[in-house]
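# Architecture and fold: a report
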Amino acid sequence: MENNRPFDVFAPTDQTTYCTVRVDNDARFIAWAELRRSGKGTDWNHSARHLGTRIEAGDEAFVWGGDAAAVFECGRPDVARGPTLPASAKYIELQLTADRAPETQRTRDVLTTLMRQYVHFAKQRLKCR
């Protein structure tokens with residue numbers, strides 16, 4: 001397992017984080033998070049919105065192929081805002097990628113469940129209000 005960054009997308013120096021599970025040196029599962037300035041109803045993730053099927057997770061979420069993505073608003077009044085972290089950066093995009101997963105209903109069901117759990121984890125860990 002490879003964890004490249006702490007899970008804090010509100011850090012002023014780096015507003016993305018991800019964790020990669022490798023099998024035989026190939027990335028097989030990636031959980032990724034990014035702070036964004038856009039959310040539900042915007043083109044926050046082109047692939048998700050155009051290739052995916054809507055699922056219930058966060059404010060807006062989709063599953064497609066071996067991927068799932070969600071976006072939600074995360075208010076953090078305790079985080080200092082400024083040039084590197086503008087007030088408009090209040091949305092979190094999460095994505096899960098299961099490389100080489102079969103495109104089956106079971107894969108979609110598993111990714112849907114995992115995305116719901118990931119949204120719950122992210123909201124708690126990031127102290128969203």
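Quantities reported herein were computed from a predicted structural model and do not represent experimental measurements.

### Notes on the pairing of strand 2 (residues 16-23)
Direction of pairing for strand 2 relative to strand 3 (residues 26-36): antiparallel, over a ladder of eight bridges. Bridge pairing in strand 3 links Thr20 to Ile30. Remark: two residues form the turn of the hairpin made by strand 2 and strand 3, two consecutive strands paired antiparallel; Asp24 in that turn has positive phi of roughly 55°.

### Details of the nonpolar core
Of all hydrophobic cores here, the largest spans 27 residues; its most connected members are Phe10, Ile92, Leu94, Met115, Tyr118 and Leu126. Those elements that provide at least two residues to this core are strand 3, strand 5 (60-64), strand 6 (67-73), strand 7 (91-98) and helix 2 (105-125). No other element matches helix 2, which puts five residues into this core. Other than its neighbours up to four places away in sequence, Phe10 contacts Leu35, Cys74, Arg76, Val79, Arg81, Leu85, Ala89, Ile92 and Leu126.

### Focus: unusual backbone geometry
Even without being a glycine, Asp24 presents a positive backbone phi close to 55°. Its place among the elements puts Asp24 in the loop between strand 2 and strand 3. Of note in the backbone geometry, Arg100 takes a positive phi value of approximately 70° without being a glycine. Position of Arg100 relative to the elements: it lies in the loop between strand 7 and helix 2.

### A short note on the state of the cysteines
Counted according to the given criterion, the structure contains one disulfide. Disulfide partner of Cys74: Cys128, at an S-S distance of 2.0 Å. Measuring the twist about the S-S bond at about -95°, one finds the Cys74-Cys128 disulfide to be left-handed. You can see Cys74 sitting in the loop between strand 6 and strand 7 and its partner Cys128 sitting in the segment after helix 2, a full 54 residues away along the chain. Taking relative accessible area as the criterion, Cys74 reaches 0% and is therefore assigned buried. Just so you know, Cys19 is unpaired, no disulfide at all, and the nearest cysteine sulfur is the one on Cys128, 19 Å from it.

Procedures and definitions
- Residues numbered from 1 in each chain as written.
- Predicted model: local features only at pLDDT ≥ 70, side-chain atom pairs only at ≥ 80, totals over all residues.
- Heavy atoms only, no water.
- Pairing = 2+ DSSP bridges.
- Helix = DSSP H or I, 4+ residues; strand = E, 2+ residues; numbered from the N terminus.
- Core = buried A, V, L, I, M, F, W, Y, C linked by side-chain atoms within 4.5 Å.
- Buried < 20%, exposed > 50% of the residue type's maximum accessible area, 1.4 Å probe, protein only.
- Contact = heavy atoms within 4.5 Å.
- Disulfide = S-S within 2.5 Å.

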